[in-house]
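# Structural features, examined
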Amino acid sequence: MRPSFFHHLHPPTIPAKQSRWRYTLGAGGTAVFLMLVLGATGILELFYYVPTPDQAAQSIQTISYLVPFGGLVRNIHFWAAQLLLIVAAVHLVRVVFTGSYAPPRRFNYLLGLALFVFAILLDFTGYILRWDEGIQWALVVGTNLIKTIPLIGNAFYVVLTGGTQPGLPTLIRFYAWHIFGLALIVIILGVWHAFRVRRDGGIAVPPPPLRVDKERITRNELVRREVLAMLLTGAALILFAAFVPAPIAQPISDITIMAGDARAPWFFLWVQQMLKWGDPFILGVLVPLIVLAVLALIPYIFPKPADGELGKWFPRSNRLAQIVLAVIALLVIILTIFGSLPAS
Amino acid sequence: MSDLTRRDFLKLTTTALLTISGALGVGALFRFLDFQTEPPVKTEFDLGPAVNYPIGSRSLVPDVPALLIHNQNGFSALSLVCTHLGCTVEQKDSGFECPCHGSRYDANGKVLRGPAQKALRALRVEVNSTGNLILHTD
């Protein structure tokens, strides 16, 4: 049998303890599955979506209400995208809380973090593609934040939006980034990320002499579990998408006339909440970048998890990294909750 | 120069050329994306005959967006674009409130509560020769 990429990702046997749900949470694999779902439903949406300010929102109404199964396709695309962010976050938390980023996996940790950032950008651009009254404020605030960057802000704004205010070039650019630029980057990084898992020695476990539990499962058992996870996620997604529609609003009559919800998309509520306190550049650009930098530095600045403690939750040797991530996660969650409350 | 071998020299030259090419490429890409296809944004709005706006009136001009005020001192206009991050403020009580981040302004556009730092922008209004009101946003 000729080895393939599939065989690269599925070694003949893997440690039993580290392939349990309660250890991996199945987050990485579910993220891959969700990306496949997003690719497939996204391609279907391409057949009806019209990326012009006059017709974008209307074409989404066509998909949602007229095209047979169109509503289901769009709802699955939307919910899979939201779920992807949650699953990716869970994956990140799992990796830090189990110390799995230890060398030689530091670089793959960075690849994973980059994937997370690009997933957020894809979610945001996809949200803007609705081009209806529900997204105007997010577009205005999100792009104006770019303007607040000293020196390069204004030039960067034009590069991003294609003008001095949101309009047709903005929609075209977001469309191009969403369906091609960002998607391509995610595919490349995603394949690289998966490739590196095996390259770095598979799932993190203690070196053989320190291994207590030597039990292993076969490739077939691993695939069986993956298929089970896919089926469960797929079924949940279809069921959810069948009953809970993705957000939709009135088409925008004029971009300068503002109406609709002033709330940021849920994954940026924590930033919106901070923006209520003052300086947009510091709170809206610098603080999120600092958070990202701290996350990226976790494998480099904190004590390396001990070899013998790999492959289990909360190793004592990397407590500090766990605490830092827990504090960041908690702050983001608290800010998100405050941001989702109606304005006083 | 004697300690620079031919191999090192070629390596250095290659690296330098690749770096310069890369930088030029990024610069070109930036300029490519920096082009604006749309005509410049309108900065003059004709609001129709001035007599349509009697003394004491406060009229909303949604496409600007601005509030046109006519009082004893004549015409004046207030931009309704929040000076914090550009959302359109809403009239609330006697002043204005931004729905995005909660900045408050008084009736004259002065900041009552942050995060906005600057007052709402006063816009220039004039009556032209045909008696129409012209609002300038520049």
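### Section: the overall build of chain B
- For chain B, the count of helices and strands is one helix and 10 strands.
- The order of helices and strands in chain B, counted from the N terminus, is α-β-β-β-β-β-β-β-β-β-β.
- Its C-alpha radius of gyration of 27 Å places chain B more than 25% over the 14 Å reference for a compact globule of 138 residues.
- In terms of overall dimensions, chain B has a C-alpha envelope of 85 × 40 × 20 Å along the principal axes.

### Quick notes on the sheet that holds strand 5 (residues 90-92) of chain B
Residue and element names in this part refer to chain B.
- Reading across the sheet, the four strands line up as 5-6-7-8 and stay open at both edges, with antiparallel pairing between neighbours. Each end of this open sheet is capped by a strand with a single partner; those strands are strand 5 and strand 8 (111-113).
- Two strands pair when backbone bridges link them, and strand 6 (residues 95-97) and strand 7 (residues 104-105) are joined in this way by two bridges, in the antiparallel orientation. Residue pairing for strand 7: E97 is matched across the bridge by R104.

### Considerations on the sheet that holds strand 1 (residues 44-49) of chain B
Residues and elements named next belong to chain B.
- Pairing in this open sheet of six strands is antiparallel, and the strands run 1-10-9-4-3-2 from one edge to the other. The sheet terminates laterally at strand 1 and strand 2 (58-61), the two strands that pair on one side only. This sheet shows a mean twist of 25 degrees between the axes of neighbouring strands, independent of strand direction.
- Across four bridges, strand 9 (residues 122-127) lies against strand 10 (residues 132-136) in antiparallel orientation. Across the sheet, the residue bridging to V125 is L135, located in strand 10.

### Here we look at the interface of chain B and chain A
- Every contact between the two is made by 21 residues of chain B and, on the other side, 29 residues of chain A.
- Taken over both partners, the interface formed by chain B and chain A buries close to 2100 Å², and the fraction arising from carbon and sulfur atoms is 63%.
- For the chain B face of the interface with chain A, the top three residues by lost area are L33, L85 and H101 of chain B, together amounting to 27%.
- Residues that form the side of chain B that touches chain A fall into these classes: 11 nonpolar, six polar and four charged.

### Structural notes on the packing of aromatic side chains
Residues and elements named next belong to chain A.
- Enumeration over the complete set of coordinates arrives at 12 aromatic pairs over all chains.
- Ring centres of W266 and F267 lie 5.7 Å apart, and the angle between their planes is 85 degrees; on these two criteria the pair is classed as edge-to-face.
- Note on F267: relative accessible area 10%, which makes it buried.
- Ring pairs connect the aromatic residues F124, Y127, F174, W266, F267 and F268, which therefore count as one cluster.

### Describing helix 7 (residues 136-147) of chain A
All names here are of chain A.
- Over its 12 residues, helix 7 extends 17 Å from the first C-alpha to the last, a length consistent with the 16 Å expected when each residue adds 1.5 Å.
- Within helix 7, burial applies to Q136, W137, A138, L139, V140, V141, T143, N144, L145 and I146.
- If you follow the buried residues of helix 7, they end up packed against helix 6 (106-129), helix 8 (153-161), helix 9 (168-199), helix 11 (269-275) and helix 12 (280-301).

Thresholds, definitions, all that
- Residues numbered from 1 in each chain as written.
- Chains lettered and ligands numbered in written order.
- Predicted model: local features only at pLDDT ≥ 70, side-chain atom pairs only at ≥ 80, totals over all residues.
- Heavy atoms only, no water.
- Helix = DSSP H or I, 4+ residues; strand = E, 2+ residues; numbered from the N terminus.
- Rg over C-alpha atoms; globule rule 2.2 N^0.38 Å.
- Pairing = 2+ DSSP bridges.
- Axes fitted to C-alpha atoms, helices over the stretch in contact; angles between N-to-C directions.
- Contact = heavy atoms within 4.5 Å.
- Buried area = accessible area lost by both parts, 1.4 Å probe.
- Nonpolar A, V, L, I, M, F, W, Y, C, P; charged D, E, K, R; others polar.
- Phe/Tyr/Trp six-rings, centres within 6.5 Å; stacked < 30°, edge-to-face > 60°.
- Buried < 20%, exposed > 50% of the residue type's maximum accessible area, 1.4 Å probe, protein only.
- Expected span 1.5 Å × (residues − 1).

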